[in-house]
Amino acid sequence: MEKTSIFHPNSPFARSTVDLLNVTFVISAVIMTLVCGLVAYCIWRFRGRPEHPEPHQLRGHKTLEIVWTVIPFLLLVYLLILTVRSMYASDPPRHNRDPDIIVTGHQFWWEARYPKSGVVTANEIHIPTGQPLLLRLESADVIHDFWVGQLGRKMDVMPDYANFIWIQANQPRDYYGVCAEFCGVQHAWMRIRVTAQSPEEFADWERQQLQPAPTPAGASAQRGAELFRQITCINCHAIRGLPGEPHAGPDLTHVATRQTLGAGVVENTPEHLAQWLKNPQKLKPGNLMPNMLLTDAQVQDMVSYFQTLK
Ligand code: CUA
């Protein structure tokens, strides 16, 4: 639980949200206990008893009315101040700073581009620890919502309109996030994995991701590479070095370095990859990849090819 719980924030942006939530919860709990306790007491204390006449009736009580108006008013002002402070802390101004990562929501996966280095990847976002990063959020189709609760606030991802959020990870490890706006049949499988690494390791990762796709070695992988071009995979999936820069499907230049397939549906193993290629609709029904009706031999060749894409 600690890996996903928003109650274990790992950035100043997420921390401010949780602090506000905690204070609001405590104040609400005290008020609820007080009100429910008073109601219960009055029900018991002033219950109807045959030997007692009706209790004394009150018609207006200035002091009481002032008390129960002023106290809530002060509480609301206090909460307003905390909320405005938290809004500012979780969403600081960006002063025209260029985004560090451009995240595009697709039905049903995430594209991540690093405009400063040129890296393009999918579903698994790598970041350096200890520094605030500005994300520009865009959608290629419908409204999604980017939410990695331990690293920052939650933000809608809109078509034709860019939103921005700050994220940061203090500790190097994996963080998990989800799409938080219903966006179609596979909304639940639009998982986000953020891998926070020390700045040195992150630089190594970026260098590695910038390498061109390696030349496939071995007859099977070569047949796979040939097939990839022939059967129009390159209309949707980019592999650096091949013509075109399509964005309809995930960039596959270094697909073998990713942990999962289908935005978190299954682990990235040769068996799962083969199942996916054989019938993408079986592992993730409703995703936009058509069944290419590959033979088992063709599937094996494609798997061999993708395994070289490190
Ligand atoms: Cu994308 Cu829900």
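As annotated in an unreviewed UniProt entry, the chain is Cytochrome c oxidase subunit 2 from Pedosphaera parvula. Note on the chain: under the UniProt heading Catalytic activity (unreviewed entry), the record states "4 Fe(II)-[cytochrome c] + O2 + 8 H(+)(in) = 4 Fe(III)-[cytochrome c] + 2 H2O + 4 H(+)(out)".

Which residues make up the domain arrangement of the chain, and what are the values?
Each assigned domain of the chain is listed here: domain 1 (12-90) and domain 2 (219-308). Computed from C-alpha atoms alone, the centre-to-centre distance between domain 1 and domain 2 is 58 Å.

Could you give an account of the nonpolar core, with specific residues and numbers?
By size, the foremost hydrophobic cluster in this structure holds 29 residues, and its most contacted members are I125, I127, L135 and F146. Setting aside chain neighbours within four positions, we find F146 in contact with V103, W110, I125, L135, L137, R153, K154, M155, V157, I165, V178 and I192.

Go over the pattern of salt bridges with me, naming the residues and quoting the values.
Summed over the entire model, instances satisfying the criterion amount to 10 salt bridges. We note a salt bridge from K116 to D100, for which the minimum N-O separation is 2.7 Å. Residue K116 is located in the loop between β2 (109-114) and β3 (119-122), and its partner D100 is located in the loop between α2 (62-90) and β1 (101-106); the two are separated by 16 residues in the primary sequence. Relative accessible area serves as the criterion here: at 56%, K116 is assigned to the exposed category. R223 serves as the salt-bridge partner of D301, at 2.9 Å between the closest nitrogen and oxygen. Residue D301 is located in helix α7 (residues 296-308), and its partner R223 is located in helix α4 (residues 219-230); the two are separated by 78 residues in the primary sequence. Given a relative accessible area of 10%, D301 falls into the buried group. Residues joined by salt bridges that share partners form a network here, namely R97, D100 and K116.

Mind laying out the packing of helix α5 (residues 270-278) against α7, listing which residues take part and the relevant values?
Angle between the axes and distance between the axes: these two values describe a pair of packed helices. The contact between α5 and α7 brings their axes to 9 Å, and the two run at 130°. Judged on the interaxial angle alone, α7 and α5 are oblique. Relative to α7, the crossing made by α5 is right-handed. Between α5 and α7, the residues in contact are P270, L273, A274, L277 and K278 and D296, V299, Q300, M302, V303, F306 and Q307, respectively. Each residue belonging to the contact of α5 with α7 can be placed in one class, and the counts come to eight nonpolar, two polar and two charged.

Quick one: what's the story with the environment of V299, residue by residue and with numbers?
In this structure, V299 sits in helix α7. For the pair formed by V299 and V142, sequence separation is 157 residues and the distance between their alpha carbons is 32 Å.

Which residues make up the UniProt feature "domain: Cytochrome oxidase subunit II copper A binding" (unreviewed entry) in the chain, and what values do they have?
Summarizing the sequence annotation, UniProt attributes the feature "domain: Cytochrome oxidase subunit II copper A binding" (unreviewed entry) to residues 96-208 in the numbering used throughout. Secondary structure content for residues 96-208 is 9% helix and 46% strand, and the end C-alpha separation is 29 Å.

Could you give me a rundown of helix α1 (residues 12-45), with the residues and numbers involved?
The terminal C-alpha atoms of α1 lie 49 Å apart, and with 34 residues this matches the ideal 50 Å at 1.5 Å per residue to within 8%. Residues F13, A14, S16, V18, L20 and I27 constitute the buried set of α1.

I'd like to hear about unusual backbone geometry, residue by residue, with values.
For the peptide bond that leads from Q107 to F108, omega is 5°, which places it in the cis range. Inspection of the secondary structure assignment puts F108 in the loop between β1 and β2. You will see that A263, though not glycine, has its phi angle at about 55°, which is positive. Within the secondary structure layout, A263 lies in the loop between β11 (260-261) and β12 (266-267).

Requested: an account of the sheet that holds strand β7 (residues 155-157), with residues and values cited.
Spatial strand order, β4-β10-β9-β6-β7: five strands in an open sheet with mixed pairing. Edge positions in the open sheet fall to β4 (124-128) and β7, since each of these has one partner strand only. Adjacent strand axes in the sheet meet at a mean angle of 30°, parallel and antiparallel pairs treated alike. The sheet contact formed by strand β6 (residues 144-147) and strand β9 (residues 174-179) spans two bridges and is antiparallel. Pairing of W147 across the sheet is with V178, part of β9. Each of β4 and β10 (192-197) touches helix α3 (residues 199-210); the most contacted strand, β4, lies at about 135° to it.

I'd like a description of a nonpolar patch on the surface, backed by residues and values.
A cluster of nonpolar side chains, namely I31, L34, V35, L38, V39, Y41, I43, W44 and F46, defines an oily patch on the protein surface of about 940 Å² accessible area. Residue position: L38 is located in helix α1. Residue L38 is classed as exposed on the basis of its relative accessible area, which comes to 52%.

Give a description of the sheet that holds β1 that names residues and reports values.
Strands sit in the order β3-β2-β1-β5-β8 across an open sheet of five strands; the sheet is mixed. Two strands bound the open sheet, and with one partner strand each, they are β3 and β8 (163-167). Across the sheet, the mean angle from the axis of one strand to that of its neighbour is 25°, orientation sign disregarded. Running over the sheet, α3 touches β2 and β3 and is turned about 95° from β3.

Cut-offs applied
Residues numbered from 1 in each chain as written. Predicted model: local features only at pLDDT ≥ 70, side-chain atom pairs only at ≥ 80, totals over all residues. Heavy atoms only, no water. UniProt positions renumbered as here; feature names shortened; annotations may be inferred. Domains from an automatic or database assignment. Core = buried A, V, L, I, M, F, W, Y, C linked by side-chain atoms within 4.5 Å. Buried < 20%, exposed > 50% of the residue type's maximum accessible area, 1.4 Å probe, protein only. Contact = heavy atoms within 4.5 Å. Salt bridge = Lys/Arg side-chain N within 4 Å of Asp/Glu carboxyl O. Helix = DSSP H or I, 4+ residues; strand = E, 2+ residues; numbered from the N terminus. Axes fitted to C-alpha atoms, helices over the stretch in contact; angles between N-to-C directions. Parallel < 35°, antiparallel > 145°, perpendicular 65-115°, else oblique. Left-handed = near helix turned anticlockwise from the far one by under 90°. Nonpolar A, V, L, I, M, F, W, Y, C, P; charged D, E, K, R; others polar. Expected span 1.5 Å × (residues − 1). Pairing = 2+ DSSP bridges. Patch = residues over 30% accessible without salt bridge, like charges linked within 9 Å, V, L, I, M, F, W, Y side chains within 5 Å. Areas by Shrake-Rupley, 256 points an atom, 1.4 Å probe, with all protein chains shown as cover.

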